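Structural features, examined
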Amino acid sequence: MSAERRAEVAANLEHVRARIAEACRASGRPEDDVTLTVVTKFFPASDVRILAGLGVTEVGENRHQEALEKSAECADLDVRWHYIGGLQSNKAAAVAAYADMVESVDRPKLVNGLARGAAQRGRPLDVLLQVSLDPPEQAEGRSGVHPDDLGSLAQKVAGTDDLVLRGLMAVAPLGADPNDAFERLTGIAERFRDDHPDAGVISAGMSGDLEAAILHGATHVRVGRGVLGERPTIK
Ligand SMILES: *Cc1c(COP(=O)(O)O)cnc(C)c1O
């Protein structure tokens, strides 16, 4: 592991942690109110090792094969793996073998596979429902359950023995003001908690918009580039 890479990641991490702390202060929230998940997609297992050494406990991945291999290489580390990517239903059980939390559950077809995978590993799986904040004309092809369909999806997850419904995940729409998007998310999350009072996680905000997300109540932010730098185009 290169000392240079470690120093670079440490400096970036310090900067992102300071941004989170400042955004908490600006929102009148305690500094430890927000959990940082570092998105390690496209970056090697050696970076996960560096992050763990710097006190990072949550890492995020968005491609199954890559996550499977990296989590195996890092099995000795005390980190929790968040699966945040698009998910094929025939891969859902396999993701549950290594993921500690799946944040991208956006359709009923995923639920049975995830529950089966969690049962096979013998430990319940934490789940977030990914809700779409896209305007209808942009929603085509993007991930996330429409807010109108959130209730029935939540019921399906809550009805399993092996999945634990923890809350919601969202990505701000491309090109839109993240403040508007995350304000909508706050309203959706409030209504959601009426029915699921224990599912209080709001995973929102990335390198470019974490301040807006924290201002609107995010409990988890998912930061990739801000900590690890621009993603390599070829792995
Ligand atoms: C890649 C990714 C992130 C991190 O984005 P950055 O801009 O690198 O911080 C966050 N959330 C999801 C769902 C992602 O796919």
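Before any of the text, the structure's been laid out above.
Not measured: the values here are computed from a predicted model.

1. Here we look at the site of the ligand
If you check the shell around the ligand, you find Val39, Lys41, Ile84, Met206, Ser207, Arg222, Val223, Gly224, Arg225 and Arg231 and nothing else. Taking Ser207, its side chain carries an N or O atom lying 2.5 Å from an oxygen atom of the ligand. A distance of 2.8 Å is found between an oxygen atom of the ligand and a side-chain nitrogen or oxygen belonging to Arg225.

2. Re unusual backbone geometry
One non-glycine residue, Phe42, lies in the positive phi region at around 75°. Residue Phe42 is classed as partly exposed on the basis of its relative accessible area of 22%.

3. Here we look at the pairing of strand E5 (residues 125-130)
Counted residue by residue, E5 has six buried out of six residues, so it is predominantly covered. Across the two faces of E5 the burial is the same, with Leu125, Val127 and Leu129 and Asp126, Leu128 and Gln130 all buried. As judged from the three bridges shared by strand E4 (residues 101-105) and E5, these two strands associate in the parallel manner. For Val105, the partnering residue across the bridge sits in E5 and is Leu129. Handedness of the crossover joining E4 and E5 through helix H5 (residues 111-121) is recorded here as right-handed. Bridge analysis of E5 against strand E6 (residues 163-169) gives six bridges, and the strand direction is parallel. Considered in E6, the bridge of Leu129 is made with Leu168.

4. With respect to empty space enclosed by the protein
The tally for this structure, following the rule as stated, stands at one cavity of 30 Å³ or more. Its volume calculated, the largest cavity comes out at about 40 Å³. Lining the largest cavity are Phe182, Leu185, Thr186, Ile202, Ala204, Ala213, His216, Gly217 and Ala218. Top contributing element to the lining of the largest cavity by residue count: helix H8 (residues 178-195), with three residues. Across the lining of the largest cavity, the residue classes tally to six nonpolar, three polar and no charged.

Parameters at a glance
Residues numbered from 1 in each chain as written. Predicted model: local features only at pLDDT ≥ 70, side-chain atom pairs only at ≥ 80, totals over all residues. Heavy atoms only, no water. Near = heavy atom within 4 Å. Polar contact = N/O pair within 3.5 Å; in protein donor to acceptor, adjacent residues only side chain to side chain. Buried < 20%, exposed > 50% of the residue type's maximum accessible area, 1.4 Å probe, protein only. Helix = DSSP H or I, 4+ residues; strand = E, 2+ residues; numbered from the N terminus. Pairing = 2+ DSSP bridges. Right-handed = clockwise from strand over helix to strand, strands pointing away. 1 Å grid on protein atoms, 1.4 Å probe; cavity = no way out; pocket = protein on both sides within 12 Å on 5 of 7 lines; lining within 4 Å. Points joined across faces, edges and corners; volume = space filled by probe spheres on them. Nonpolar A, V, L, I, M, F, W, Y, C, P; charged D, E, K, R; others polar.

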